[in-house]
Amino acid sequence: MSPSLAAAPLRSLRADLRFPARRFSEDLMASEGLRGALTAVLGGRGLLVQNYDSGPAGEPPAPVRLRRNVCYVVLAVFLNEQDEVLLVQEAKKECRGSWYLPAGRMEPGETIVEALQREVKEEAGLQCEPLTLLSVEERGPSWIRFAFLTRPTGGILKTSKEADAESLQAGWYPRTSLPTPLRAQDILHLVDLAAQYRQRARHPLLLPQELPCSLVCQRLVATFTNVQTVWVLVGTVGTPHLPVTACGFAPMEQRGGIKMAVLRLLQECLSLHHLAVETQGLLGLQHLGKDLTDGICMNVLVTVAFRNPGLQNEPPKVRGENFFWWKVVEEDLQNQLLQRLRDSSVVPINR
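Procedures and definitions
Residue positions within a chain follow its written sequence, with the count starting from 1. Only residues with pLDDT of at least 70 are given local features in this predicted model, and only at 80 or more are side-chain atom pairs given and counted; all residues enter the totals for whole chains, interfaces and linings. To obtain the side-chain values, all non-hydrogen atoms of the structure were included, while hydrogens and water were left out. A run of H or I in DSSP becomes a helix once it reaches four residues, and a run of E becomes a strand once it reaches two; helices and strands are each numbered from the N terminus. Both definitions apply: the radius of gyration is a C-alpha atom measure, and the globule rule equals 2.2 Å times residues to the power 0.38. Using a 1.4 Å probe on the protein chains alone, a residue whose accessible area is under 20% of its type maximum counts as buried, one over 50% counts as exposed, and one in between counts as partly exposed. Contacts are assigned to residue pairs with any non-hydrogen atoms lying within 4.5 Å of each other. Each accessible area is a Shrake-Rupley estimate made with a 1.4 Å probe; only the visible protein chains count as cover when residues are assessed. Think of it this way: Lys and Arg go in the positive column, Asp and Glu in the negative one, and His and the chain ends go nowhere. To locate a charge, take NZ of a lysine, CZ of an arginine, CG of an aspartate or CD of a glutamate. An automatic or database domain assignment supplies the residue ranges for each domain. For this analysis, a salt bridge means a side-chain nitrogen from Lys or Arg found within 4 Å of a carboxyl oxygen belonging to Asp or Glu. Side-chain atoms alone can form a polar contact between residues adjacent in sequence; in general such a contact is a pair of N or O atoms within 3.5 Å, and within protein one must be able to donate a hydrogen while the other accepts it. Pairing between strands is defined by DSSP: at least two bridges between the two strands are required.

1. Here's the deal with the overall build of the protein
The helix and strand inventory of the protein stands at 6 helices and 14 strands. Here the protein has a C-alpha radius of gyration of 22 Å; the compact-globule value for 351 residues is 20 Å, and the two agree. Dimensions of the protein, computed from C-alpha atoms along their principal axes, come out at roughly 80 × 40 × 35 Å. A burial count over the protein gives 53% of its 351 residues as buried. Contacts in the protein between residues at least 24 apart in sequence constitute 74% of all its contacts with a sequence separation of at least 6. As displayed, the protein has an accessible area near 16,700 Å², and 52% of this comes from carbon and sulfur atoms. Placing the 38 positive and 37 negative side-chain charges of the protein at their respective mean positions leaves the two points 3 Å apart.

2. Examining the domain arrangement of the protein
The domain boundaries assigned to the protein delineate domain 1 (41-64 + 207-343) and domain 2 (71-199). The distance between the C-alpha centroids of domain 1 and domain 2 comes to 31 Å. Counting residues at the interface gives 22 residues for domain 1 and 21 residues for domain 2. Linking domain 1 with domain 2 are 1 salt bridge, by the criterion used here. For Lys 290, the salt bridge identified is with Glu 114, shortest N-O distance 3.0 Å. The tally of links between domain 1 and domain 2 comes to 6 residue pairs in polar contact (both at pLDDT 80 or more). Secondary structure elements with two or more residues in the side of domain 1 that touches domain 2: α4 (251-256), β11 (275-287) and β12 (296-306).

3. A short note on the sheet that holds strand β3 (residues 99-100)
On the basis of which strands lie adjacent, the open sheet formed by 3 strands has the order β3-β2-β7 and antiparallel pairing. On the outer flanks of this sheet lie β3 and β7 (169-174), each paired with one strand and no other. The sheet contact formed by strand β2 (residues 84-89) and β7 spans 6 bridges and is antiparallel. If you follow Val 85 over to β7, its bridge partner there is Tyr 173.

Here's what the structure looks like:
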């Protein structure tokens, strides 16, 4: 965490030979806390963000505000039993008459689910329930779209008689024969993703957790694996924890996308020139939207590996005292991590 935010001295789980009994007790408590944190994140429940371990260069990042420095978009994919997709006909001047999935920008004070339900009601006339997050798309931290697989729970489908500034009408169309023109082709892969998920769920059902956050940030489950052994990177400032990196809004981080914040944190503790780093996807999403807390925290699964593995059986050496590799020894947690990695059992993050 940034020096100005650190209230406790730097500590790690390495043995302190001067006080072995006390050190063992502290190590045990820290391991239990890490197991609990990892279990929560793998279960999609999330954890409160209290500080961050890596931030953009220069001034500390300012709290994010919708309509000022961030834009979040929600999008709904409906598929019925006849393999039909719900589409709405656009009313906006620049795309009037074209077809698209129900979607729109979040408003200040809304949760992600509230924004989704409002947009679907305004554009399609239906009440709805999100089933799972399908995809996160980003153009840097200032523009992020959340796509959900969704089902109707009530309402009356909007017809041309109810045309207004939100949409002209809504309708169900065969997935393999959508109406034209489409407002944009980017919805096609989302429709396919929804159909694939219904046939075989690639990841557990995942919905946003209503937890406050003032920044756009990512909590890393950064892993190194060797056969059936998994290590997870841990931050040591204060209580040992899964590290958090705050996204910046400078042009370079905007152009590079949210992965830049992940690489920045890892560069601070690892020599990356001989390592391959990949963000596999999303394990959880946190946002509240109330009381001017417009930030989000994305809990992401990241893999770290040697470009030329050779005989490297241990994780790469960590520089400094702010981080260390924690060996996951609990069998259930280890199996969960290995399964998530093997099956890419995460919500995709696309750019």
